[in-house]
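# Notes for the structure review
Chain by chain, the residues:
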Amino acid sequence: MLSGKEYVCLMQLHEDIAEQRIADTLAEFAGEIFQRPPLRASVKRAVRRRKIYSLDALEIDGRRVLFKVACQAGTYVRKVCSDIGEVLGCGAHMSELRRTRAGPFSEDRNLCSMYDLLNACDRWKVGKGEEELRAIIRPMEEAFEFIPKICIRDSAVDAICHGADLAVPGVVKLDQGIATNSSIVLMSLKAEAVALAKALMSTEQIVEQDHGIAAKTVRVIMPPGTYPSLWKKT
Amino acid sequence: MKRETVAKTEAETDEALGHDPYSRPMSLHIHFGMVNLDKPSGPSSHEVVAWVKRMLGLKHAGHGGTLDA
């Protein structure tokens, strides 16, 4: 669900089909499906399994079918449409697609247009206030909403910013359910993102133990020097 | 999806260091910021990123993936 996507799709059937049959066939596609990425994809073209979490018709108007779909990242809705056409026997293609959610980003959360951004930016530049621009530009930490977090103490921050791995004594609090080898974010006590990391221990292990390496730093985000370097230098 | 947290220890943070993400001075807020942009279907995402960089005076900006048509 980390990078699940939601779309609204307009599909064009190539023949007239009874509404009930269309609705029934759409329902069949919820669950696990097989897909081979299309020719124009920049991804290896092996057949792969993808999950469709839900697929619901919104409107059926003759041969045009509007539906919404929630699916695993890497699912080609275009292919789902042509497969629905195959099952129905008449053929179908995707005519329009709008992504309504990608992970933590959805249409109903601070979505803005280019005009909104430009207007807010201009207002700030001429000194008419920065509230609009602040509302449109979100702290990057919001991108990590679904990723488990470990909060580290101030004295551990700069070492991480230099690429050091996180030792257990640096941990202040952490999310439940962190599994070994899972992707996590290391946060400061002010909820600033410090680095992306890979957990080398589970939540339980980190809580229980008093030494050892809790996580391997993968990608530093905070610039070094934001917090002073407080680790021992030889 | 809200996860439960477990506290391993108590610690305080020095308010003089770093910034609460919602109180960053504007230039830092922009530098460490992201926009949920409803990209029009005409321009490419590369073009849009270029416009945003110019608008905000940024040297670096990127996008998190758009729809292949």
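Structural data are supplied above this passage.
First, a word on what this report is: a plain description of the structure on this page.

Scoring rules and cut-offs
Residues numbered from 1 in each chain as written. Chains lettered and ligands numbered in written order. Predicted model: local features only at pLDDT ≥ 70, side-chain atom pairs only at ≥ 80, totals over all residues. Heavy atoms only, no water. Axes fitted to C-alpha atoms, helices over the stretch in contact; angles between N-to-C directions. Helix = DSSP H or I, 4+ residues; strand = E, 2+ residues; numbered from the N terminus. Parallel < 35°, antiparallel > 145°, perpendicular 65-115°, else oblique. Left-handed = near helix turned anticlockwise from the far one by under 90°. Contact = heavy atoms within 4.5 Å. Nonpolar A, V, L, I, M, F, W, Y, C, P; charged D, E, K, R; others polar. Pairing = 2+ DSSP bridges.

### Some remarks on the packing of helix H3 (residues 114–125) of chain A against helix H2 (residues 45–56) of chain B
Remark: H3(A) packs on H2(B), axes separated minimally by 10 Å, with the N-to-C direction vectors making an angle of 15 degrees. Considering the angle they form, H3(A) stands roughly parallel to H2(B). In this structure, H3(A) meets H2(B) at a crossing whose hand is left-handed. Contact residues: Met114(A), Leu117(A), Leu118(A), Cys121(A) and Lys125(A) in H3(A); Val48(B), Trp51(B), Val52(B), Met55(B) and Leu56(B) in H2(B). Residue composition of the contact of H3(A) with H2(B), by class: nine nonpolar, no polar and one charged.

### A word on the sheet that holds strand S1 (residues 5–13) of chain A
For sheets, the rule is that strands pair by backbone hydrogen bonds, running either parallel or antiparallel. Residue and element names in this part refer to chain A. Taken together, six strands build an open sheet; the order of strands is S2-S3-S4-S1-S5-S6 and the sheet is antiparallel. The open sheet has two edge strands, strand S2 (31–35) and strand S6 (105–106), and neither has a second partner. Pairing of strand S3 (residues 48–61) with strand S4 (residues 64–71) involves eight bridges; the strand directions are antiparallel. By the bridge assignment for S4, aspartate 61 is matched with arginine 64. Packing against the sheet, helix H1 (residues 19–28) makes contact with S1, S3 and S4, and its axis sits at approximately 155 degrees to S3. Packed onto the sheet, helix H2 (residues 77–88) meets S1, S2, S3, S4 and strand S5 (92–102) and runs at close to 140 degrees relative to S5.

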